[in-house]
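# Chains, contacts and geometry: an overview
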Amino acid sequence: IVSAADHALALIVDILDARRIAMGTAEMVFTDVDLAAELAEISAMLGTQASAAGLVLETAPQAKLPKVVADRRRVRQVLLNVAGNAIKFTPAGGRVQLTGQYASDGAVEILVSDTGCGMAVDASQTHLHLPVPNRSRGIGLPLSRTLAEANGARLTIDSQVGVGTTVRLVFPSSCVVPP
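Read on for a plain summary of the structure. Owing to the predicted nature of the structure, the values given are computational and were not obtained by experimental measurement.

This paragraph deals with the sheet that holds strand β7 (residues 164-171). Strand order in the open sheet formed by five strands is β2-β4-β5-β7-β6, and the pairing between neighbours is mixed. At either margin of the open sheet sits one strand with a lone partner, and together these are β2 (56-61) and β6 (154-160). In this sheet, adjacent strand axes meet at a mean angle of 15° when their direction is disregarded. Note that β2 and strand β4 (residues 95-102) share six bridges and pair parallel.

So this is what it looks like as structure tokens:
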């Protein structure tokens, strides 16, 4: 009962947070966010869950991944939502990888890739663009998209049924903190 209540409360908080962001009334705290450190912390937080599911969880940030100007708490929430989904939808024996890299245009990408069940292209875009809340599909991806956009970033999904999914959180070069 306590676990179910905690889960319900977390969903309500997520819905309220998404609504405040959509209405422009959410309080955002923009600071320099160390993406390599965030990836390491997400990996540590989800490592036990991945191991219990029989998965390999790898973190491979590019050397000297830059900091970005963003709301750290909300970036972490996006990464937890997306990596949690990757763990949830990857069968035992699979792999989930958290990677950070530069894009050719100076942007910085965080990739969460898995060897899970994957989604058809139409389904992946539908999941990403559902209005929040949506009873039939959950709120993780639409909320993550809203949080990414509130941070000046974008969230994209590449997926193939039976192959896996890669979710990209892309911070444009305008968000990157110069070295």
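Don't stop here, the text continues.
Turning our attention to helix α2 (residues 35-52). Along its 18 residues, α2 runs 26 Å from first to last C-alpha, staying within 8% of the 26 Å computed at 1.5 Å per residue. Taking the largest bend as the criterion, α2 deviates by roughly 50°, centred on L46. Along α2, the residues classified as buried are L35, E38, L39, I42, S43, L46 and A50. By the N-cap criterion, in which a side-chain oxygen at the helix start approaches the backbone nitrogen of a residue two or three places on, α2 is capped by D34, the distance to A36 being 3.2 Å. G54, located one to two residues past α2, shows a positive phi value of around 75°.

This paragraph deals with empty space enclosed by the protein. Picture a little ball the size of a water molecule; that probe, rolled over the atoms, points out where space is still empty. Applying the stated criterion across every chain yields a total of one cavity of 30 Å³ or more. The calculated volume of the largest cavity comes to roughly 30 Å³. Forming the boundary of the largest cavity are V78, L79, V82, I110, V112, L155, V167 and L169. Only α3 (72-88), β5 (108-114) and β7 provide two or more residues apiece to the lining of the largest cavity. When residues of the lining of the largest cavity are assigned to their parent elements, the largest contribution, three residues, is made by α3. In the lining of the largest cavity, the residues fall into eight nonpolar, no polar and no charged.

Between two packed helices, what matters for the description is the angle formed by their axes and the separation of those axes. It is the contact of α3 with helix α5 (residues 140-150), at a shortest axis distance of 9 Å, that shows an interaxial angle of 150°. Compared by their axis directions, α3 and α5 come out roughly antiparallel. You can see that α3 and α5 cross each other, and the crossing is left-handed. Seen from α3, the contacting residues are R74, Q77, V78, N81, V82 and N85; seen from α5, they are G140, L141, L143, S144, L147 and A148. Grouping the constituent residues of the contact of α3 with α5 by class yields six nonpolar, five polar and one charged.

Moving on, we come to the nonpolar core. Counting 39 residues, the largest nonpolar core has L35, L169 and F171 as its most contacted members. With seven residues, α3 is the single largest residue contributor to this core. The contacts of L169, once residues within four sequence positions are left out, are V75, V78, L79, V108, E109, I110, A148, A153, R154 and L155.

About the criteria used
- Residues numbered from 1 in each chain as written.
- Predicted model: local features only at pLDDT ≥ 70, side-chain atom pairs only at ≥ 80, totals over all residues.
- Heavy atoms only, no water.
- Pairing = 2+ DSSP bridges.
- Helix = DSSP H or I, 4+ residues; strand = E, 2+ residues; numbered from the N terminus.
- Axes fitted to C-alpha atoms, helices over the stretch in contact; angles between N-to-C directions.
- Expected span 1.5 Å × (residues − 1).
- Bend = angle between axes of the 7 residues up to and from the residue.
- Buried < 20%, exposed > 50% of the residue type's maximum accessible area, 1.4 Å probe, protein only.
- Polar contact = N/O pair within 3.5 Å; in protein donor to acceptor, adjacent residues only side chain to side chain.
- 1 Å grid on protein atoms, 1.4 Å probe; cavity = no way out; pocket = protein on both sides within 12 Å on 5 of 7 lines; lining within 4 Å.
- Points joined across faces, edges and corners; volume = space filled by probe spheres on them.
- Nonpolar A, V, L, I, M, F, W, Y, C, P; charged D, E, K, R; others polar.
- Parallel < 35°, antiparallel > 145°, perpendicular 65-115°, else oblique.
- Left-handed = near helix turned anticlockwise from the far one by under 90°.
- Contact = heavy atoms within 4.5 Å.
- Core = buried A, V, L, I, M, F, W, Y, C linked by side-chain atoms within 4.5 Å.

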